[in-house]
Structures are given as C-alpha cells and as structure tokens.
Amino acid sequence: MKSKMSTGTVVETDKQIPFPEVDNIYLAAERLRGVATHTPLQENLHLSEKYGANVFLKREDLQVVRSYKIRGAYNKMCSLPKEALDKGVVCASAGNHAQGLAYACRKMGVKGTIFMPTTTPAQKVRQVRMFGKEYVEVVLIGDTYDDAYHAAIEYVNTQDSTFVHPFDDLQVIEGQGTVGLEIFKDADFKIDYLLMAIGGGGLASGVSTIFRQLSPKTKLIGVEPLGSPSMQVALETGHVVTLDEIDKFVDGAAVKRVGELTFEVCRRYLEKVVLIPEGKVCTTILQLYNEEAIVAEPAGALTIAALDFLKEEIKGKNVVCLVGGGNNDITRTEEIKERSLLYEGLKHYFIVRFPQRAGAFREFLNDVLGPTDDITLFEYSKKTNRERGPALVGIELKHKSDFEPLLDRMRSLKLQFEYLNDKPDLFEFLI
C-alpha cells in the first residue's frame, strides 16, 4: 500500500526540546541490571560472506520479552515518584510495548492498565497477561490502535494515572539507548555502520545518542518499511507529518506519525533512512528462519533486509544490524510466504477466460504451464450461456525468469487473460 501524507499536520512549537543524555542512558543501564537481558552481539558468517563485509547481529529478539521494549518502559517507570506509581501506569499498544510494560509492572509490583484494540490476536493478549500476571489489567476496546489510544488517554485523565508513551518520551528513549551502550561495550572493533529499525523513532533516538558521542564516525542508518515511511517523510519535509494511509504489515515499525522528540534527535544524528519493501522483509524473515534458525518479527528483520540496498557501500566494512524483536505470530506464516513470493516475482495471478468446451483446461495444463510451474489457485464456475468462462488462476514459478515465457505461451494459445499482480485494487479484492 502506498502511504499518503495529510495536510495541516505541522506542529509549531517554540519550546526547547530536551535531548536524551548519555549519562542518563548509563543510569538506565544500572536500573535495568537484573531486569533486562544483556543480549549478545553475534558475528554472522553467512551474511558476512554474502555481502563481503563483517556483519554482526545485536540479538534483541533474545530479550526477556523478545524485544527491546522492556528497557524503555522499565526506565520510565523507575523515573516516576512513588505517588505516581501508586496510581498506576497506562499504555495503549497491540504489541511489544504492551508486553514490555506488563513485565515492568510485574517486576516493580505496580498496577498497569493496558488498552488494546479488540482486533489484537488472542496470542498477543495472552502474552501480555502472562508477562504482567496479576499486576496488569488488559482492556480490549475499539477496532484500531487509535481507538485504544484515545480510551487510554481518557482513562489517564479520569484516574490520574501516568501514560507511558511507546517512543516519544525522554526516559523511554534513554532506556532504549541502553541497547546502543551494550553494542558499544561488546564490540572489540570499529563499527562502520549501525542499522536500526524506525517505527516511532525511540530506539533510533536512544542508540544514536550513544554512538554520536562515543563513536562519532559510525554511520547511523535508520530503516523503515516502504509502506509506512513516516520518519523519511518528516525528514524530507522538515517537520513531523501524519500519513493518512500506511501498510501495517511490519506492525512493530508501522506508525502514521513519529514523535516530536524522536524526529529532532533523528534529524540531528542519523546519516540517512533506507526504505525496504514489505515483500523483501518477508523474504528475509524466511531466510533467517531457514538458514539461521532465527525467529524474527517483521520489524526485527528490517535491518538485515536493508543490507541488500547497501551492499555496495558496506563491502569490507564492519556492520551491526540491530534485530529488534522476535514476536512473530505463527499464524502469519502463510501471508509471509505469499508476500515473499510476490516480491521475488515467483507468484502470479490471472483472470483467464477459458473457452467453455471440453479439453480447454487440459490444453492450458499441457501447452501453457512449464515443467516446474505449479497451479496454486484455481477458481472457476461454468457459465452455460456464455462462450467463455472466467477462472481465477494462481501460478507459482521456480525461477523469476520463467515468467515471460509463461506469458508468451498464453498469448500463442490466444488465451484471453488479465494479469492481476499490477492491479492492486482488483488484486486485493480477489486474492
């Protein structure tokens, strides 16, 4: 889905925005000792050989809640006075932030109220309750994140609780910055490139704060999904904007609007932002699982997917990819495979108007399909009063180069057909 930018979304402000500080990130690291896992920085030999570089993975997918989000939530809560904690904390989230806050509530013995859309998968709701135990109440409300967010803010205003923002908060950013501190401490080499996924920008803001001071020559690269380039658009226009439409597939990094604070930090510290097609992310998820036994969520695979788009400039360099999380819902596996095949040019859909006579489909099988082509979808209903009947046909190829020969054979048989992959509205409706 192509993102769209709305007008009238500029937020004018004269106030001085406080930036995260390295000393406070060190303090956050002390607070998180024994709470968050010091995750490994691992050299990946396969990726290193593939790109002619020294590629290292920071494995936040191995974090206690399977993402870095515990760091920011816990640090924020530690910064609150006892009177505020006694009144409880609140967040709105359908994913990793909810799990991080839930675990922080359990560790600190603080009441937490977590608002989630009713459309949240049951598996994620169970995980939040598992991490929070008796300290967390989950409120399912509304159909979208925005519905849950507005309900959470209304609750905060009536209960005088504290809202813990998922990214646009100084203490949350400084908590996420501890990821960068661990990378810097664990790397016994000069880091030339550091790749970080960007959703709202909290992780990139915290990590870049560390590296701009402790390793200023490291090139800091933000990575966003192509379908939700909220930081890239903000950087191009010079101010935070709200995207009207986004592709939510990379759910851990798909936001319509980045933070005011995170935008200012990223604008100052990042080298650039790279946009990655969602289909490429899917291909990377499958490769990581099949070749590395790494279970990465879509946002967690973003930085590794970006290597293909930086392959010329990273040759011979030391590169760190931050794998932000591994909360991948197994029920999405078929969708991930499908998106990957479409992106790689291996899955194609057609409406084929077959002559309504005996043997027409057999001719298609014998004369059109190649020896390694496979029909994965066929929907047809005979229309007795028509010469031709439309069928919805899905074909999976073994090689991308097999596509043009397939089209040539369909044309030579004088088949009437319509190609659906490049018609997004019709494709989405039918497939």
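Structure first, text after, so check above.
The following paragraphs examine the structure supplied in this document. (Residues numbered from 1 in each chain as written. Predicted model: local features only at pLDDT ≥ 70, side-chain atom pairs only at ≥ 80, totals over all residues. Heavy atoms only, no water.)

1. Overview of the overall build of the chain
Counting secondary structure elements, the chain contains 18 helices and 16 strands. Relative to the 2.2 N^0.38 estimate, which gives 22 Å for 431 residues, the radius of gyration of the chain is 24 Å and therefore close to what a compact globule would have. Taken along its principal axes, the extent of the C-alpha atoms in the chain is 80 × 55 × 40 Å. Across the 431 residues of the chain, 54% fall into the buried class. Expressed as a percentage of contacts within the chain between residues at least 6 apart in sequence, the contacts between residues at least 24 apart total 75%. A total of about 19,800 Å² of accessible surface is found on the chain, and carbon and sulfur atoms cover 49% of it. Of the charged side chains in the chain, 53 are positive and 60 negative; the average position of the first set lies 2 Å away from that of the second. (Helix = DSSP H or I, 4+ residues; strand = E, 2+ residues; numbered from the N terminus. Rg over C-alpha atoms; globule rule 2.2 N^0.38 Å. Buried < 20%, exposed > 50% of the residue type's maximum accessible area, 1.4 Å probe, protein only. Contact = heavy atoms within 4.5 Å. Areas by Shrake-Rupley, 256 points an atom, 1.4 Å probe, with all protein chains shown as cover. Lys, Arg positive; Asp, Glu negative; His and termini not counted. Charge placed at Lys NZ, Arg CZ, Asp CG, Glu CD.)

2. Considering the nonpolar core
Ranked by size, the top nonpolar core spans 34 residues in total, and within it Leu 195 and Leu 307 carry the most contacts. Where this core is concerned, the elements lending two or more residues are helix 2 (45–51), strand 3 (54–59), strand 8 (193–197), strand 9 (219–225), strand 11 (272–276), helix 13 (278–292), helix 14 (298–305) and strand 12 (318–323). The element best represented in this core is helix 14, accounting for five residues. The residues contacting Leu 307, other than those within four sequence positions of it, are Leu 47, Tyr 51, Val 55, Leu 195, Ile 314, Val 319 and Cys 321. Residues Ile 25, Leu 203, Leu 220 and Leu 322 belong to the second largest nonpolar core, which totals 31 residues. (Core = buried A, V, L, I, M, F, W, Y, C linked by side-chain atoms within 4.5 Å.)

3. A closer look at the sheet that holds strand 12
The strand order across the open sheet formed by six strands is 2-3-12-8-9-11, and the pairing between neighbours is mixed. Since the sheet does not close on itself, it has two edges, and those belong to strand 2 (41–43) and strand 11, each with one partner. This sheet shows a mean twist of 25° between the axes of neighbouring strands, independent of strand direction. Sheet topology note: the strand 3/strand 12 ladder contains six bridges and is parallel. Looking across to strand 12, one finds that Phe 56 is bridged to Val 320. The strands touched by helix 10 (residues 202–214) are strand 8, strand 9 and strand 12; relative to strand 8, the strand with the most contacts, the crossing angle is about 160°. (Pairing = 2+ DSSP bridges. Axes fitted to C-alpha atoms, helices over the stretch in contact; angles between N-to-C directions.)

4. Notes on helix 7 (residues 145–159)
Between the first and last C-alpha of helix 7 there are 21 Å, a value that for 15 residues agrees with the 21 Å anticipated at 1.5 Å per step. Restricting attention to buried positions, one finds in helix 7 the residues Ala 148, Ala 151, Ala 152 and Val 156. End-on view of helix 7: buried residues confined to an arc of 140°, all on one side of the axis. For helix 7, the exposed residues set more than 90 degrees away from the buried face come down to His 150, Glu 154, Asn 157 and Thr 158. Next to the buried residues of helix 7 lie strand 4 (89–92), strand 5 (112–116) and strand 7 (162–163). (Expected span 1.5 Å × (residues − 1). Arc of directions from axis to C-beta.)

5. Quick notes on the packing of aromatic side chains
For the coordinates displayed, the defined rule picks out 17 aromatic pairs. Seen in terms of ring centroids, Phe 350 and Phe 417 are 5.9 Å apart; in terms of plane orientation they differ by 80°. Their pairing is edge-to-face. With Phe 350 in strand 13 (residues 347–355) and Phe 417 in strand 16 (residues 416–419), the pair connects residues that are 67 residues apart, well separated along the chain. Residue classification places Phe 417 among the partly exposed positions, given a relative accessible area of 24%. Centroid distance Phe 354 to Phe 378: 6.0 Å. Interplanar angle 55°. Geometry classified as tilted. You can see Phe 354 sitting in strand 13 and its partner Phe 378 sitting in strand 14 (residues 374–380), a full 24 residues away along the chain. (Phe/Tyr/Trp six-rings, centres within 6.5 Å; stacked < 30°, edge-to-face > 60°.)

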